[in-house]
2 protein chains.
Amino acid sequence: MAGEFDLIDRYFSPLAGPEGLGLLDDAACFHPPKGQDVIISKDVLVAGTHFFPNDDPHAIAQKALCVNLSDIAAKGAEPAFYFLGLALPSDIQETWFKSFSKGLEETQKRHHLTLAGGDTTSTRGPSIVSVTLIGTVSAGKMIRRRGAQLGDDVYVTGTLGDAALGLRTITESHMGYDFLKQRYYVPQPRLSVGIGLKNLATASADISDGLLADLGHICKASGVSAHVEQCLLPISEQAQQYLSIHPEISPDIWSGGDDYELVFTSPVKNQQKIKVLGDKCCVEITRIGSIKEGAGISLIDTSGKLVQARHRGYQHFR
Amino acid sequence: MAGEFDLIDRYFSPLAGPEGLGLLDDAACFHPPKGQDVIISKDVLVAGTHFFPNDDPHAIAQKALCVNLSDIAAKGAEPAFYFLGLALPSDIQETWFKSFSKGLEETQKRHHLTLAGGDTTSTRGPSIVSVTLIGTVSAGKMIRRRGAQLGDDVYVTGTLGDAALGLRTITESHMGYDFLKQRYYVPQPRLSVGIGLKNLATASADISDGLLADLGHICKASGVSAHVEQCLLPISEQAQQYLSIHPEISPDIWSGGDDYELVFTSPVKNQQKIKVLGDKCCVEITRIGSIKEGAGISLIDTSGKLVQARHRGYQHFR
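As the structure is a computational prediction, the values presented were derived from the model and not from experiment.

Definitions and cut-offs
- Residues numbered from 1 in each chain as written.
- Chains lettered and ligands numbered in written order.
- Predicted model: local features only at pLDDT ≥ 70, side-chain atom pairs only at ≥ 80, totals over all residues.
- Heavy atoms only, no water.
- Pairing = 2+ DSSP bridges.
- Helix = DSSP H or I, 4+ residues; strand = E, 2+ residues; numbered from the N terminus.
- Axes fitted to C-alpha atoms, helices over the stretch in contact; angles between N-to-C directions.
- Least-squares fit on C-alpha atoms with pLDDT ≥ 70 in both.
- Contact = heavy atoms within 4.5 Å.
- Buried area = accessible area lost by both parts, 1.4 Å probe.
- Salt bridge = Lys/Arg side-chain N within 4 Å of Asp/Glu carboxyl O.
- Phe/Tyr/Trp six-rings, centres within 6.5 Å; stacked < 30°, edge-to-face > 60°.
- Buried < 20%, exposed > 50% of the residue type's maximum accessible area, 1.4 Å probe, protein only.
- Lys NZ or Arg CZ within 6 Å of the ring centre and 35° of its normal.
- pLDDT = per-residue confidence, 0-100.

1. Details of the sheet that holds strand E10 (residues 285–292) of chain B
Residue and element names in this part refer to chain B.
Part 1: Judged by pairing direction, the sheet is mixed, and its seven strands sit side by side in the order E7-E9-E6-E10-E8-E11-E12 without closing on themselves. Each having just a single partner strand, strand E7 (203–206) and strand E12 (306–309) make up the two edges of the open sheet. Pairs of neighbouring strands in the sheet enclose a mean axial angle of 25 degrees, with direction left out of account.
Part 2: In terms of strand pairing, E7 meets strand E9 (residues 262–266) through four bridges, oriented antiparallel. If you follow Ala205 over to E9, its bridge partner there is Val263.

Structure below.
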């Protein structure tokens with residue numbers, strides 16, 4: 001097995017962009033483009049919590065980048081470069097690095113970003129992958145969570161609950177459901193939609209903790225409440241199929257994590273523009289409710305009955 | 001025990017600066033000052049490798065920030081804000097957060113930086129603290145590792161080997177030696193020296209892997225070699241005292257990690273200016289050798305005999 005420095009030379013240096021200075025320094029140098037704000041997100045993924053220890057390293061790499069790309073997308077920003085922190089078992093094989101770096105490379109190419117630095121260390125515990133992602137957005141144009149206005153429509157991209165159901169098909173060894181499984185393994189950051197939203201959305205977040213939890217963050221930050229209509233929630237064909245056999249887990253649609261879709265608010269007058277944006281980006285965008293006075297989230301069925309109030313989503317340490 | 005969101009509200013939100021947007025978004029927004037480059041460093045600290053699992057959380061927090069501040073110092077930059085990634089055992093006590101955040105707060109105040117975001121998660125393994133630190137430097141003024149020139153003097157700040165010896169006094173339960181222990185627990189990032197060096201040094205790195213390893217990185221990046229004179233290496237009183245009892249471990253002075261002093265090169269003509277800088281910053285700066293043709297590092301004793309050739313320092317996965 002090669003040592004730390006050789007592994008970096010072999011697998012990570014080829015991924016470095018100009019800010020990374022060939023990974024020869026302990027720091028990166030970035031000359032920010034004029035008129036742009038710098039947007040930064042950081043996520044920590046732990047084996048056994050955010051991915052399975054034996055997952056394909058290629059998919060782990062993609063997921064680690066995509067969950068951060070999703071944060072950047074939610075803010076209306078464009079990704080630029082990233083830092084990679086790794087803590088891995090000391091007996092890890094070189095094939096792991098080979099596959100992991102391939103996953104990074106593919107995701108970099110797809111989303112036009114490069115590696116700028118990081119730190120690789122060993123641990124006696126589960127593997128941990130920590131990515132810090134840097135993007136840019138026109139000065140003052142970042143979409144905040146704070147900003148939802150009374151009467152705004154609430155929208156989501158894509159379909160909801162696929163990743164949570166995908167995770168169930170994996171843990172319960174249900175065959176098939178490849179679409180749901182793929183939705184769990186590799187999130188699709190909605191970058192093109194996010195960039196288009198920076199002149200349309202009043203508030204935005206990505207759905208990592210479940211729709212109600214993340215829309216809850218928007219409402220809390222904006223000092224408003226939201227009514228969400230259950231019948232409007234976009235559900236994929238495979239999710240519908242799975243729920244027809246396991247109807248008891250339908251709350252996964254609005255409370256399941258790991259979707260990495262966007263939830264955002266926009267004034268009613270923008271409805272046509274939102275539709276055009278979705279068509280242009282080939283991403284389904286669905287209006288699911290509206291912003292009201294007060295606090296909290298209400299999920300309402302077709303008869304107007306409350307299905308569920310706001311759920312705070314998964315919390316560590318509780 | 002409070003959940004993740006309450007812990008963040010209680011202990012981390014008060015540490016947030018303007019870029020952190022009250023920790024209400026999943027990303028930070030930074031408007032870079034005109035004419036400045038953005039310098040970014042990232043380190044991952046693992047319990048059992050970089051600190052002891054039962055260390056005072058206050059000291060762990062200080063160390064996690066200071067090792068990154070040291071990277072920023074080596075580049076001639078000024079710190080601005082940071083991101084905190086935590087993976088902690090799920091049964092961790094709230095008192096841990098209280099003490100840890102106090103350590104962050106004190107270090108923030110001392111070095112004029114604020115928290116801008118991060119991610120807190122649970123792990124079944126050892127605790128991991130990952131900091132990404134962002135600083136700024138006048139455009140084009142970052143001090144690289146690449147840049148050492150033939151004939152340059154080689155300097156170090158402070159004294160060498162204290163942290164490695166401090167670690168030995170801890171693991172071998174030697175009483176006393178509080179100065180050495182403190183040098184292990186809480187590095188002193190040489191920020192004021194670094195800022196002064198940006199017009200004086202041709203290359204610079206911080207000593208995290210040991211003098212010979214980190215000077216070796218400078219030489220490799222610069223395509224030169226270095227001669228270091230053993231008799232010139234600055235050694236603290238307590239280190240001398242410890243080595244007089246345990247002379248066999250004197251290689252800790254040039255190969256021991258965790259010093260977080262700076263090693264840098266500068267043309268001979270700058271000797272007086274370097275002296276003035278050290279006096280102004282109240283930091284000992286010592287000339288320890290010079291840059292030569294060729295490759296590698298030679299540590300030479302008073303009779304000109306080779307004591308040790310370059311040591312690559314600690315490597316994970318080997």
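2. Observations regarding the relation of the copies chain B and chain A
Two copies of a chain can be linked by a rotation about an axis combined with a shift along that same axis.
Part 1: Laying chain B over chain A is done by rotating through 180 degrees and shifting 0.0 Å along the axis; what remains is an RMSD of 0.0 Å. Classification of the inter-copy transformation places it as that of a two-fold axis. Closest approach to the rotation axis among the C-alpha atoms of chain B is made by Gly125 of chain B, whose C-alpha sits 2.0 Å away.
Part 2: An overlap of 100% is found between the interface residues of chain B and their copies at the interface of chain A, pointing to a shared contact surface.

3. Side note on the interface of chain B and chain A
Part 1: Taken together, the contact pairs 75 residues of chain B with 75 residues of chain A.
Part 2: Surface buried jointly by chain B and chain A totals about 6000 Å² across both partners, of which 55% is contributed by carbon and sulfur atoms.
Part 3: Our count for the contact surface shared by chain B and chain A stands at six salt bridges.
Part 4: The partner of Arg145 of chain A in a salt bridge is Asp26 of chain B, with the nearest N and O atoms 2.9 Å apart.

4. A few points about the packing of aromatic side chains
Each aromatic ring pair is summarised here by two numbers: the centre-to-centre distance and the angle between the ring planes.
Residues and elements named next belong to chain A.
Part 1: Scanning the model with the defined rule gives 18 aromatic pairs over all chains in all.
Part 2: Ring centres of Tyr184 and Tyr185 lie 5.5 Å apart, and the angle between their planes is 65 degrees; this geometry places the pair in the edge-to-face category.
Part 3: Using a relative accessible area of 23% as the deciding quantity, one classes Tyr185 as partly exposed.
Part 4: Chaining the aromatic ring pairs together yields one cluster made of Phe12, Trp96, Phe97 and Phe100.
Part 5: Above the face of the Tyr184 ring, Lys63 is positioned so that its terminal group lies 3.8 Å from the ring centre.

5. Some details on the pairing of strand E11 (residues 296–300) of chain B
Residues and elements named next belong to chain B.
Part 1: In the sheet, strand E8 (residues 225–229) pairs with E11 via five bridges, with the strands oriented parallel. Following the sheet pairing, His227 is matched in E11 by Ser298.
Part 2: Inspection of the sheet shows E11 paired to E12 by three bridges, in the antiparallel sense. Residue pairing across strands places Ser298 opposite Ala309, the latter belonging to E12.
Part 3: The antiparallel hairpin formed by E11 and E12 contains five residues in its connecting segment, where Gly304 sits at a positive phi of about 85 degrees.

6. Observations concerning the confidence of the model for chain A
Part 1: Here chain A averages 94 in pLDDT, and 97% of its residues register 70 or above.
Part 2: Under the prediction, the complex receives an ipTM of 0.88, its pTM being 0.91.

7. Brief notes about the pattern of salt bridges
Part 1: Applying the stated criterion across every chain, the model contains 25 salt bridges over all chains.
Part 2: Between Lys63 of chain A and Asp258 of chain A there is a salt bridge, and its shortest N-O distance comes to 4.0 Å. Placement of Lys63 of chain A in helix H2 (residues 57–74) and of Asp258 of chain A in the loop between helix H9 (252–255) and strand E9 (262–266) is noted, with a sequence separation of 195 residues between them.
Part 3: Between Lys275 of chain B and Asp279 of chain B there is a salt bridge, with the nearest N and O atoms lying 2.9 Å from each other. Within this pair, Lys275 of chain B and its partner Asp279 of chain B are both found in helix H10 (residues 271–281), separated by four residues, close to a single helical turn.
Part 4: Counted as one network, the salt bridges with shared partners bring together Asp162, Arg183, Arg190 and Glu261 of chain A.

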